[in-house]
Amino acid sequence: MEKNNILTIEDLYVSYGGIQAVKGINLTVPEGEIVTLIGANGAGKSTILRTIAGLVKSEKGKITYRNEEITGKATNEIVDLGITLVPEGRRVFPDLTVLENLKIGGYRRKDDLSKDIEWIYELFPILKERSWQLAGTLSGGEQQMLAVGRALMSRPKLIMMDEPSLGLAPLIVHGIMDIIKTINKQGVTILLVEQNANLALKIAHTGYVCETGTITLHGSGKELLENESVKAAYLGKARK
Amino acid sequence: MTLSTFFQHALTGISLGGAYALIAIGYTMVYGILRLINFAHGDIFIFSMASLPWQIAIPLVCILTVALGVLVEKSAYKPLRSAPRMSIMISAIGVSYLLQNLATYLFTALPRAYPEIPFLKKIFQIGPVSASLVTFITPILTLLLVIALLFLINHTKFGMAIRAVSKDFETAQLMGIRLNNTISLTFVIGSFLAAIGSILYFTDRMSVTPFSGTLPGLKCFVAAVLGGIGSIPGAVVGGFVIGICETYLVAMGYSTFSDAFTFILLIIILLFRPTGLFGEKNIDKV
């Protein structure tokens, strides 16, 4: 079944700090899906997300969002178009309150934020309890929820998440994966970068495997979970 | 020292401190957002040198000071944003000398009369204390401006953006905040307050030269460090402390040492409490 692609990347090259981190990747994100990008540390996954978000400039290649080329656009323009990035390491604003962190997520919006704040508090009831606390005092899992909630405040069509499971306890990680599924069911497309390949592939419709700046494999989440080389390299299971 | 002279000096000190506080806020805000000691901050009000009637001079000094503050940011700091911090600091020192010499070229190094603002110079008498109107106005104006500034920083969207950018450039951008606009806004605010501070400071003095801004500029930097650089209330408290201490030292006959005192204070703070009175504990970016 052919679906509309919300994001298409064609032949993207990015150099970062003197190193070519992304070497000609092609990737498509169908609207309404969860797409995951797995791979080892330093494979270029984060750089791809940062390039889409406009934090890093590409050398060559084309990024298209809903039939509009967004290559080289400023980050604030990309946010306006409906793409947002939950950065690696959560990066909540530690000396802003939980509520302020949510409000700043909707910085570009001029309409009333109160309904969205209520919605975030429904998704993450713990944040409502912590509303007036400084974000720096939250636990790692709560900060991750806040980072996701903050990203949702801009009413994105596409959320990119960079290693949301990093440094969290296994139980919390499962909670985060459930939240990703919930958000997706509400109509938000998700591009998920993960080192925890097993979990990511389980929830993803489509997966891409990234190795030293190139895409080496792609397929449905299920196909990749069963792929022998993926099993050996990322799922910690020996070849038969 | 009789009680009335004590009050007289207290008033003078508070007034001087108010002017220092306004200038010190600029140092602390720029440090907060860029981690840069803006050494050119004491030199951006050079256009107050232009001898004009005060009705024109006051708005003109404000506008030109703000314009110069922003121009310095755009031309000397912005291109170095990803350079090591030392480079941008050297650039700041360079700009400071450039502005002093530019002013010397434009206005010569001869002292000039500061624009006379007659109504500010009017002498008032309250009980045993008498002083010009500017002495009474300065602390009040300072407090009003500080309250307005704190409201802007803590309760408006712009303020939220400034606080976010101060903490984390990249994540602030991901929220859709325009980095360059926010940084420029910080320079606008800092420069505007410095312009007001400089008018209040120089009105009580007879003349200005292109180098007149250097020493008060450095003292305000010390005030910002004393209060804890990065903290706005800290800069205000630091400004008042230095203004009051300096005035009493002069009153007690140690005027020769009043400048030295400020810098001894700087050394003592850096030795014993480098984060100042209200400073952040961790000044490095997370």
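These numbers were taken from a predicted model, which means no experiment stands behind them.

Conventions used here
- In this convention, every chain numbers its residues from 1, walking through the sequence in written order.
- Naming scheme: in the order in which they are written, chains are lettered from A and ligands are numbered from 1.
- Local features are withheld for residues below a pLDDT of 70 in this predicted model, meaning they are given only at 70 or higher, and side-chain atom pairs are given and counted only at 80 or more; totals for whole chains, interfaces and linings count all residues.
- By definition, any uninterrupted DSSP run of H or I lasting at least four residues is a helix, any uninterrupted run of E lasting at least two residues is a strand, and each is numbered from the N terminus.
- With the radius of gyration taken over C-alpha atoms, the globule rule is written as 2.2 Å times the number of residues to the power 0.38.
- Once C-beta atoms are placed from the backbone, each residue is buried if 20 or more other C-beta atoms lie within 10 Å of its own, exposed if 12 or fewer, and partly exposed for counts between those two.
- Distance between backbone-placed C-beta atoms decides contact: two residues are in contact if it is within 7 Å.
- For this classification, the nonpolar set comprises Ala, Val, Leu, Ile, Met, Phe, Trp, Tyr, Cys and Pro, the charged set comprises Asp, Glu, Lys and Arg, and every other residue, Gly included, is treated as polar.
- Note on pairing: DSSP must find at least two bridges between two strands before they are called paired.
- When the strands point away from the viewer and the path from the first strand over the helix to the second turns clockwise, the crossover is right-handed.
- Here a nonpolar core is just a set of buried residues of the types Ala, Val, Leu, Ile, Met, Phe, Trp, Tyr and Cys, joined wherever their C-beta atoms sit within 7 Å.
- To obtain each axis, a line is fitted to C-alpha atoms, and for helices this fit is confined to the stretch in contact; angles are then taken between N-to-C directions over 0 to 180 degrees.
- Working rule for angles: under 35 degrees goes down as roughly parallel, over 145 as roughly antiparallel, 65 to 115 as roughly perpendicular, anything else as oblique.
- By this rule the span expected of a helix is its residue count minus one, scaled by 1.5 Å.
- Directions from the helix axis toward the C-beta atoms define the arc.
- In predicted models, pLDDT denotes the confidence assigned by the predictor to each residue on a 0 to 100 scale.

A few words on the overall build of chain B. From N to C terminus, chain B includes 11 helices and four strands. By the compact-globule yardstick of 19 Å for 286 residues, chain B fits well, its C-alpha radius of gyration being 19 Å. Principal-axis analysis of the C-alpha atoms places the extent of chain B at approximately 60 × 40 × 35 Å. Going through the 286 residues of chain B one by one, you find that 48% of them count as buried. Taking the intrachain contacts of chain B between residues at least 6 apart in sequence as the baseline, contacts between residues at least 24 apart amount to 75%.

Here we take up the overall build of chain A. Helix and strand counts for chain A stand at 10 helices and 10 strands. In terms of overall size, chain A behaves like a compact globule, its C-alpha atoms giving a radius of gyration of 17 Å where 240 residues would be expected to give roughly 18 Å. For the C-alpha atoms alone, the extent of chain A along its principal axes is close to 50 × 40 × 40 Å. When each of the 240 residues of chain A is scored for burial, the buried share is 46%.

All names here are of chain A. With respect to the secondary-structure elements, Ala135 resides in the loop between helix H5 (125–129) and helix H6 (140–152). By C-beta crowding, Ala135 is classed as buried, having 25 other C-beta atoms within 10 Å. A sequence separation of 11 residues divides Ala135 from Leu146, and the C-alpha atoms of the two residues are 8.2 Å apart.

A common way to report how large an interface is uses the accessible area buried once the components associate. With 21 residues of chain A at the interface, the matching set in chain B holds 16 residues. Elements with a minimum of two residues in the side of chain A that touches chain B: helix H2 (75–81), strand S6 (83–86) and helix H3 (98–105) of chain A. Its residues placed into classes, the side of chain A that touches chain B shows 10 nonpolar, five polar and six charged.

With that settled, consider the pairing of strand S8 (residues 189–194) of chain A. Residue and element names in this part refer to chain A. Counting buried positions along S8 gives six out of six residues, so the element sits mostly inside the fold. Both faces of S8 are covered, namely the face carrying Thr189, Leu191 and Val193 and the face carrying Ile190, Leu192 and Glu194. In terms of strand pairing, strand S3 (residues 34–38) meets S8 through five bridges, oriented parallel. Following the sheet pairing, Thr36 is matched in S8 by Leu192. In the sheet, strand S7 (residues 158–162) pairs with S8 via five bridges, with the strands oriented parallel. Counterpart to Leu158 in the pairing with S8 is Thr189. At this point the chain moves from S7, through helix H7 (residues 170–185), to the parallel S8, and the crossover so formed is right-handed.

Residue and element names in this part refer to chain A. Judged from the five bridges that link them, strand S1 (residues 5–16) and strand S4 (residues 60–65) form a sheet pairing that is antiparallel. Note on S4: the bridge partner recorded for Tyr13 is Lys60. Counted between consecutive antiparallel strands, the loop separating S4 from strand S5 (residues 68–69) contains two residues, among which Arg66 sits at a positive phi close to 50 degrees.

Attention now moves to the nonpolar core. Counting 149 residues, the largest nonpolar core has Met160 and Ile190 of chain A together with Ala24 and Ala223 of chain B as its most contacted members. With 15 residues, the top contributor of residues to this core is helix H1 (residues 3–34) of chain B. The residues touching Ala223 of chain B, leaving out its near neighbours within four places in the chain, are Tyr20, Ala21, Ala24, Ala235, Gly238, Gly239 and Ile242 of chain B.

Residues and elements named next belong to chain A. Note on placement: Tyr208 falls in strand S9 (residues 206–211). Residues Tyr208 and Gly89, spaced 119 residues apart in sequence, show a C-alpha to C-alpha distance of 22 Å. The contacts of Tyr208, once residues within four sequence positions are left out, are Leu27, Leu37, Ile215 and His218.

Another aspect to go through is the sheet that holds S9 of chain A. Pairing between the strands of a sheet comes from backbone hydrogen bonds, and it takes one of two forms, parallel or antiparallel. Residues and elements named next belong to chain A. In space, the six strands of this open sheet follow the order S6-S7-S8-S3-S9-S10, with mixed pairing throughout. Because the sheet does not close on itself, it has two edges, and the strands there are S6 and strand S10 (214–220). Averaged over all pairs of adjacent strands, the angle between their axes in this sheet comes to 15 degrees, without regard to strand direction. Set on the sheet, helix H1 (residues 45–52) makes contact with S3, S6, S7, S8 and S9; between it and S7 the angle comes to about 145 degrees.

To continue, consider the sheet that holds S4 of chain A. Taken in spatial order, the four strands make up an open sheet running S2-S1-S4-S5 (chain A), and their pairing is antiparallel. Each end of this open sheet is capped by a strand with a single partner; those strands are strand S2 (19–30) and S5 of chain A.

All names here are of chain B. In the contact formed by helix H6 (residues 157–167) and helix H8 (residues 179–203), the axes pass within 10 Å of each other and the chain directions differ by 105 degrees. It follows from the interaxial angle that H6 and H8 lie roughly perpendicular. Of the residues in H8, those touching H6 at Phe158, Ala161, Ile162 and Val165 are Leu179, Thr182, Ile183, Leu185 and Thr186. Its residues assigned to classes, the contact of H6 with H8 comprises seven nonpolar, two polar and no charged.

Time to look at helix H11 (residues 258–272) of chain B. All names here are of chain B. Here H11 is 15 residues long and its end C-alpha atoms lie 21 Å apart, about the 21 Å a rise of 1.5 Å per residue gives. Buried within H11 are the following residues: Thr262, Leu265 and Ile269. Looking straight down H11, one finds that the buried residues subtend no more than 60 degrees of arc, so they occupy a single side. Pointing more than 90 degrees away from the buried face of H11 are the exposed residues Ala260, Phe263, Ile264, Ile267, Ile268, Leu270 and Leu271. Along its buried surface, H11 packs onto helix H9 (214–227) and helix H10 (232–251).

Further remarks concern the environment of Gly13 of chain B. Residue and element names in this part refer to chain B. Its location among the elements puts Gly13 in helix H1. Between the C-alpha atom of Gly13 and that of Leu3, which follows or precedes it by 10 residues, the distance is 15 Å. In this view, Gly13 contacts Gly243, Ile244, Thr247 and Tyr248; residues no more than four positions away in its chain are not counted.

All names here are of chain B. Helix length check: H1, at 32 residues, gives a terminal C-alpha distance of 45 Å against a target of 46 Å (1.5 Å per residue), a fit within 8%. The element H1 is extensively covered by neighbouring structure, given that 23 of its 32 residues are classed as buried. Just beyond H1, the residue with positive phi is Arg35, at close to 55 degrees.

For chain B, per-residue confidence averages 90 on the pLDDT scale, and 97% of positions sit at 70 or higher. Overall fold confidence (pTM) sits at 0.90, and the ipTM for the predicted complex is 0.91.

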